[in-house]
Amino acid sequence: MNSVILSRRRVLAGAGALVVSFGAAHAIGQEGNTAQDMQSGARVSPPAPLPGSLKDAPLLDSWIRIDGDGGITVFTGKVELGQGIKTSLLQVAAEQLSVPLQALKLQTADTALTPNEGFTAGSHSMQDSGTAIMHAAAQSRIILVGEAGRRLGLPPDQLEAKDGFVQAPDGRKLSYGELVSEQILHVRAQPSSPLKHPNSFSVMNTPVRRADIPAMVTGAPAYVQDMRPPGMVHARVVRPPSYEAQLVSVDSEAVENAPGVLKVVRDGNFLAVIAVSEYQAVKAMRLLAAAARWDEKSALPRLSDLPNAILSLPSQDSEILRQGQPESSSGGRKLEAKYTKPYHSHGSIGPSCAIAEASGDQVTVWTHTQGVFPDRDAIAGMLHLPKENVRCIHAEGSGCYGHNGADDAAGDAALIARAYPNVPVRVQWMREQEHAWEPYGPAMVTHLAASLGDDGSIRDWQHEVWSNTHSMRPGGAGALLAAQHMADRVPAPPPKPLPLPEGGGDRNAIPLYKFPNARVVHHFLPAMPLRVSALRALGAYMNVFSIESFMDELAEAVGTDSVEFRLKHLEDQRARDTVAKAAEKFNWSAFQKRAGRGRGFGFARYKNLAAYCAIAAEVEVDRDSGRAKLVRAVAAVDSGQIVNPDGLVNQVEGAILQSTSWTLYESVSFDDTRITSIDWATYPIMRFAQVPESIEVHLINRPGQPFLGAGETAQGPAAGAVANAVAHAIGKRIRDLPLSGERIRQASM
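Residues numbered from 1 in each chain as written. Predicted model: local features only at pLDDT ≥ 70, side-chain atom pairs only at ≥ 80, totals over all residues. Heavy atoms only, no water.

**Some points on the side chain of R473**
Move 1: Relative to the elements of secondary structure, R473 occurs in the loop between β21 (458-467) and α13 (481-485).
Move 2: Salt bridges are absent for the buried R473, whose nearest opposite-charge side chain, D407, sits at 5.4 Å.
Move 3: Within polar-contact distance, the side chain of R473 engages the side chain of Q370 at 3.1 Å.
Move 4: Residues contacting R473, with those up to four places away along its chain left out, are F119, A121, Q370, G402, H403, A479, S533 and A534. (Helix = DSSP H or I, 4+ residues; strand = E, 2+ residues; numbered from the N terminus. Buried < 20%, exposed > 50% of the residue type's maximum accessible area, 1.4 Å probe, protein only. Lys, Arg positive; Asp, Glu negative; His and termini not counted. Salt bridge = Lys/Arg side-chain N within 4 Å of Asp/Glu carboxyl O. Polar contact = N/O pair within 3.5 Å; in protein donor to acceptor, adjacent residues only side chain to side chain. Contact = heavy atoms within 4.5 Å.)

Given below as structure tokens:
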């Protein structure tokens with residue numbers, strides 16, 4: 001492993017292969033403005049937008065490469081985080097290129113090789129990258145068929161693309177490799193594509209086993225944590241004991257003389273040690289930590305009063321929905337409720353890790369970041385290097401679904417590697433570092449109020465949400481801990497709200513339900529007592545939990561079945577279909593309540609523009625301990641055209657488990673100075689013993705419809721369903737998360 005920075009163009013030019021790219025008006029008929037139009041002064045219309053991520057990377061050589069031997073590589077700027085996109089993206093390409101799945105290779109995010117698709121976040125992988133690859137592959141197929149027709153002297157409509165060949169009726173055929181070996185086709189992507197009809201699919205909408213699973217479950221090398229390049233050395237970072245701590249002094253002589261130690265690195269508050277072996281690095285880190293003296297300050301709010309502390313923070317208020325005349329109605333029954341959520345950890349089972357190598361003014365980093373290009377920009381800024389001198393290569397890591405410590409580990413590795421050049425340096429965080437220093441999902445407070453008409457419908461709806469930002473991801477250097485702790489400190493960038501329609505803390509605060517009068521307000525809190533950033537679903541988890549809990553409270557107030565109550569306020573037919581499907585498969589109407597058992601329902605369309613998800617849940621509550629267990633869950637999901645049903649089911653199952661863990665168990669704890677939930681005892685997550693007996697996921701396929709992001713669609717509905725089931729089981733509503741055994745026991749008294 002060396003840190004030679006390769007450009008994508010250099011790699012492709014030296015491959016002896018054809019790269020099909022859409023750059024000129026060939027084969028498909030270029031739309032747009034010609035030079036003649038411009039010179040004549042003719043009135044021209046803007047070009048139609050390109051689908052998915054093609055709008056940002058319109059040349060096909062960003063997406064498809066065909067070698068002279070017929071080998072095909074598909075490029076994506078998205079990364080595999082466990083969501084299964086490595087399989088699904090290849091299915092899309094294989095279908096539209098008419099080639100076997102095993103004939104394709106996938107190159108995931110690498111700043112030297114792939115398109116810049118920003119972060120893999122917000123359930124955008126299939127929606128953006130999948131859409132781009134689908135259209136690029138379809139247009140490539142048409143170009144190849146056209147070229148075959150030219151060589152064979154036949155019109156394209158008499159030819160068939162199949163298994164990597166273009167075949168003529170008389171038996172003659174040319175391989176894709178033969179068709180591309182003579183020239184490079186520079187043709188720019190078009191707004192529309194000759195996509196295959198869903199009725200003809202043989203690869204898409206077919207269950208395909210993920211190729212990456214066997215290595216993970218058998219302990220074979222699978223993650224960046226497993227990488228061992230030749231000559232690699234190990235490093236460990238000594239983190240400050242708290243956010244405000246300042247390094248007063250450190251006597252590193254004993255550490256420098258310890259067995260295997262190669263170097264102690266200090267830069268301001270950044271302190272690390274490099275050693276030959278990992279165990280030597282860990283022992284040296286402990287010795288170095290003991291030798292460090294820190295000045296700490298008490299700066300954290302009181303945990304027992306966290307909701308009030310959040311409400312007391314200065315806020316930037318914005319009314320994100322006003323419909324009708326909210327607050328103007330008189331009469332009718334009125335209800336209101338306040339819901340709270342603590343800080344949540346990502347809880348990555350494997351602590352963050354990265355490898356970096358510095359050579360001259362070039363730095364290469366292997367990282368489990370969700371955005372190799374933003375992470376590259378941050379590292380380049382921290383090291384005062386041009387962006388072109390830093391290469392970030394995605395390497396899979398354990399657990400993420402949000403901004404955990406992966407980006408910071410990459411920054412650590414780059415800074416340490418510059419201090420010890422020309423060899424790969426591996427940085428592995430410790431468990432207590434991951435728990436104490438990762439950016440958490442923000443604590444939140446919501447307040448909901450509604451009035452009910454005489455017909456039992458909601459007449460007036462109000463929703464207010466208080467939240468920090470939900471993204472402090474890399475871009476500028478200040479997002480990295482290493483940059484914040486250096487002597488030449490780069491301050492963290494000012495927190496900003498994420499804009500709607502996707503939003504951040506206000507994500508899904510606007511309900512999909514229809515009310516004659518509605519008002520939704522986002523109270524954005526710039527001040528952040530704890531370090532926060534993106535966690536799966538952002539504010540949607542809390543907002544949907546609140547909305548779905550309140551919908552049940554309102555349904556109970558009017559004596560209406562909660563599923564019927566939801567359907568009464570839903571106009572979107574796909575939403576109605578999803579709710580009805582979940583209720584039917586759960587056998588909702590036939591449920592018989594038993595002591596300690598309850599049922600609950602939850603629904604949302606993620607971001608009001610992605611996948612629809614409805615979940616019915618059954619929980620069991622132990623009255624003595626108060627502990628609740630999800631016994632079974634039945635979900636219905638509409639994510640548009642399905643690519644890999646098995647992968648989609650896996651995503652929803654995992655989301656239900658994670659959301660249930662948040663809802664029943666998880667909460668970051670701290671005193672006035674330090675984070676105290678630094679291990680699995682102080683930050684409990686769902687264990688195997690708490691896994692439900694049954695999770696069913698029923699998919700509603702929409703052939704030919706756009707891909708709708710589904711990776712985070714179940715987070716909110718699962719929380720609502722579990723909370724409503726707990727309330728049904730114990731006869732009391734708990735509005736503060738988590739629904740811990742202690743809270744349930746007290747409510748049940």
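**Concerning the sheet that holds strand β5 (residues 160-162)**
Move 1: Across the sheet, which stays open at both edges, the three strands sit in the order β5-β6-β7 with antiparallel pairing between neighbours. The two strands at the open ends of the sheet, each matched to only one other strand, are β5 and β7 (173-175). Neighbour-to-neighbour, the strand axes of the sheet open up by a mean angle of 25 degrees, direction not taken into account.
Move 2: In this structure, strand β6 (residues 165-167) lies alongside β7, joined through three bridges in antiparallel fashion. Its bridge partner being in β7, V166 is matched across the sheet by L174. (Pairing = 2+ DSSP bridges. Axes fitted to C-alpha atoms, helices over the stretch in contact; angles between N-to-C directions.)

**Some details on the pairing of strand β16 (residues 353-359)**
Move 1: Burial analysis of β16 places six of its seven residues in the buried class, the great majority of the element.
Move 2: With four bridges connecting them, β16 and strand β19 (residues 425-428) associate as antiparallel partners. Across the sheet, A354 pairs through a bridge with V427, a residue of β19.
Move 3: When β16 meets strand β17 (residues 362-367), the two strands line up antiparallel, connected through six bridges. The partner of A354 across the bridge, within β17, is T367.
Move 4: Here β16 folds back onto β17 in antiparallel fashion, the turn holding two residues, of which G360 has a positive phi close to 65 degrees.

**Examining the environment of P156**
Move 1: Inspection of the secondary structure assignment puts P156 in the loop between α4 (125-152) and β5.
Move 2: P156 sits in the partly exposed class, given a relative accessible area of 45%.
Move 3: If near-sequence neighbours (up to four positions away) are discounted, P156 is found in contact with V145 and G146.

**Quick notes on the environment of F524**
Move 1: Tracing the sequence through the fold places F524 in strand β22 (residues 517-524).
Move 2: Taking the relative accessible area as the measure of exposure, F524 reaches 2% and is therefore buried.
Move 3: Sequence-wise, F524 and P497 are 27 residues apart; in three dimensions their C-alpha atoms are separated by 6.6 Å.
Move 4: In contact with F524, not counting residues within four places along its chain, are P314, S315, Q316, S467, N468, T469, P495, K496 and P497.

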